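# Analysis of the macromolecular model
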Amino acid sequence: MNKHKKTVLVSGATGMLGHALCIALEAKGHSVRRLSRSASADVQWDVDAGTIDAGAMAGVDVVVHLAGEPVAQRWTDGTKDRILKSRIGGAQLLVGALLKEPTPPDYITASGINYYGHQCGVGVTEGSPLGDGFLAHVCEQWEGAAQPLKDAGIRSVSARIGMILSSQGGALTKMLPAFKLGLGGVIGSGSQHMSWVSLPDAVRILLLAIEDTSIQGPLNVVSPEPLTNRVFTKSLGAALKRPTLFPMPELAVKALFGKMGIEVLCADVGVLPQVLLNRGFEWEFTDIKTCFDACLAKQF
Ligand SMILES: NC(=O)c1ccc[n+]([C@@H]2O[C@H](COP(=O)([O-])OP(=O)(O)OC[C@H]3O[C@@H](n4cnc5c(N)ncnc54)[C@H](OP(=O)(O)O)[C@@H]3O)[C@@H](O)[C@H]2O)c1
């Protein structure tokens, strides 16, 4: 058996990132087990009930936890509860199961740049402190669920992911209808910083974290070029050849989307991928225009 070929259990494998990651893993010869709530999955779990198929971890080298209730929806008490519990409950279930293995697998969990809060400006790195807000609290607990692994000396990575750009889902597909109609515009003041990453680069960074066992701890999954919302908006309008004359003031964001809008759409979080920069990682997309062109051509 080739030691470089791993067996990887992926939660959230039906999601935008998980689906692309599983395809990339298989293309590199790794073996993938898709973990889902669906009965047709390789491995099934029920996070609410705290159950996972027996033998889920047998022979697994790396667990990647991406599953979680979508964040981009209006936050009621019920949705906030699901956003939190789907991630933390899922993490606790996985950590508990993998700790029972004689040779526990490595563990990589998704997290978000929201860890740093929603008003932290530019220059944020993996060494920056935890911020304020509901999503920072979610990220803290999501990452914190891996503490028993750290205590046991098992490798774990917290992938703090920025806004993933793709034509297949996520934030861009939500923005495109309005922008295509020429109804897009800056959000709030437009001066807030946005940290983005193309879907192919997000996948390549996760592959690196899976394959390179020297990586552990927090890992910012963003391009090295955060942008203001104004530049992002103008670039998307230019890529679509549409005007972007309809600003959405912060008050309107709050009225339409509530606290989610303030913490996500108006967030000022300019993150640097310091760990990746230190390692000399090469991004495929660092220029937003090239990334938008590739998304609009449905390359990813
Ligand atoms: N996309 C981004 O820009 C971005 C940015 C920062 C962080 N992240 C994080 O990265 C992870 C992957 O992102 P993604 O965009 O690929 O997410 P996604 O497309 O929304 O997929 C997430 C997956 O989680 C599972 N899921 C959904 N609700 C759940 C619930 N209530 N309980 C248990 N499982 C549930 C679903 O899998 P099954 O239906 O198969 O169970 C779903 O396919 C997420 O945790 C997300 O928060 C994403």
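Above this text you will find the structure in question.
Just so it is clear, the model here is predicted, and its values are computed rather than measured.

Cut-offs and rules
- Each chain has its residues counted from 1, running along the sequence as written.
- Predicted model: local features are reported for residues with pLDDT of at least 70 only, side-chain atom pairs are reported and counted for 80 or more only, and whole-chain, interface and lining totals are derived from all residues.
- Remark: hydrogens and water are excluded; side-chain values derive from all non-hydrogen atoms of the structure.
- Take the buried residues of types Ala, Val, Leu, Ile, Met, Phe, Trp, Tyr and Cys, join any two whose side-chain atoms come within 4.5 Å, and each joined set is a nonpolar core.
- To sort residues, take the accessible area from a 1.4 Å probe on protein chains only and compare it with the maximum for the residue type: under 20% means buried, over 50% means exposed, and anything in between is partly exposed.
- Each helix is a run of H or I in the DSSP string that is no shorter than four residues. Each strand is a run of E no shorter than two, and both are numbered from the N terminus.
- Two residues qualify as a contact provided that any one of their heavy atoms is within 4.5 Å of a heavy atom in the partner residue.
- Whenever two N or O atoms come within 3.5 Å, that pair is a polar contact, provided that in protein one can donate a hydrogen and the other can accept it, and provided that, for residues adjacent in sequence, both atoms are side-chain atoms.
- A strand pair is defined by DSSP finding two or more bridges across the two strands.
- For helices, the fitted axis covers only the stretch in contact; all axes are lines through C-alpha atoms, and the angles between them, taken along N-to-C directions, range from 0 to 180 degrees.
- Convention used here: angles under 35 degrees read as roughly parallel, angles over 145 as roughly antiparallel, angles from 65 to 115 as roughly perpendicular, and any remaining angle as oblique.
- Two helices that cross are described as forming a left-handed crossing if the nearer one is turned anticlockwise from the farther one by less than a right angle, and a right-handed crossing if clockwise.
- A side-chain nitrogen of Lys or Arg and a carboxyl oxygen of Asp or Glu constitute a salt bridge if their distance falls within 4 Å.
- Stacked, edge-to-face and tilted labels apply to pairs of Phe, Tyr and Trp rings (six-membered ring for Trp) whose centres lie within 6.5 Å, assigned for plane angles under 30 degrees, over 60, and everything in between, in that order.
- Charge-over-ring placement is defined geometrically: NZ (Lys) or CZ (Arg) within 6 Å of the ring centre, and within 35 degrees of the ring normal.

## A look at the nonpolar core
Core analysis: the biggest nonpolar cluster contains 71 residues, and V10, L17, L21, V64 and L165 have the highest contact counts within it. If you tally residues by element for this core, the top one is helix α6 (residues 199–211), at eight residues. With near-sequence residues (within four places) excluded, L17 lies in contact with L66, I161, I164, L199, A202, V203 and L206. Grouped together as the second largest cluster of nonpolar side chains are 21 residues, A67, Y107, A145 and L149 included.

## Overview of the environment of D106
You can see D106 is positioned in strand β6 (residues 106–112). Since its relative accessible area comes to 14%, D106 is described here as buried. In sequence terms D106 and I210 are 104 residues apart; their C-alpha atoms lie 8.2 Å from each other. Apart from the residues within four sequence positions on either side, D106 is in contact with D61, V62, V63, I154, R155 and T213. Side-chain polar atoms of D106 contact the side chain of R155, separated by 2.8 Å.

## Some remarks on the sheet that holds strand β12 (residues 217–221)
A sheet is described by the order of its strands in space; here eight strands give the open sequence β4-β3-β2-β1-β5-β6-β8-β12, paired in mixed fashion. Looking at which strands have only one partner, the edges of the open sheet turn out to be β4 (51–52) and β12. With five bridges connecting them, strand β1 (residues 7–11) and strand β2 (residues 31–36) associate as parallel partners. Following the sheet pairing, S11 is matched in β2 by L35.

## A look at the pairing of strand β5 (residues 62–65)
Judged by which residues are buried, β5 turns out to be covered on both faces: V62 and V64 on one side and V63 and H65 on the other are all buried. Of the strand pairs in this sheet, β1 and β5 are connected by four bridges, and their pairing is parallel. By the bridge assignment for β5, V8 is matched with V62. In this sheet, β6 lies alongside β5 in parallel orientation, the contact comprising four bridges. Bridge pairing in β6 links H65 to T109.

## A look at the packing of helix α7 (residues 229–240) against helix α10 (residues 288–296)
Following both chains from N to C, one finds α7 and α10 inclined at 45 degrees, their axes separated by 9 Å at the closest point. Taken together, α7 and α10 sit at an angle that is classed as oblique. You can see that α7 and α10 cross each other, and the crossing is right-handed. Facing α7, whose interface residues are F232, S235, L236, A239 and L240, α10 presents I288, F292, D293 and L296.

## Let's talk about the pattern of salt bridges
Taken as a whole and assessed by the stated rule, the structure comprises nine salt bridges. One salt bridge in this structure joins D201 and R204, with 2.7 Å as the shortest N-O distance. Of this pair, D201 and R204 both sit in helix α6, three residues apart, which is roughly one turn of the helix. Overall, D201 belongs to the buried group, its relative accessible area being 0%.

## Some words on the packing of aromatic side chains
Evaluation of the coordinates by the stated rule reveals five aromatic pairs. On the numbers, 5.1 Å between centres and 75 degrees between planes, the contact of F232 with F292 is edge-to-face. Separated by 60 residues along the polypeptide, F232 in helix α7 and F292 in helix α10 bring together distant segments of the chain. Each member of the pair F232 and F292 is classed as buried. Lying over the aromatic face of F134, K80 brings its terminal NZ or CZ to 5.1 Å of the ring centre. Between the NZ or CZ atom of R160 and the centre of the ring of Y115, over which it lies, the distance is 3.6 Å.

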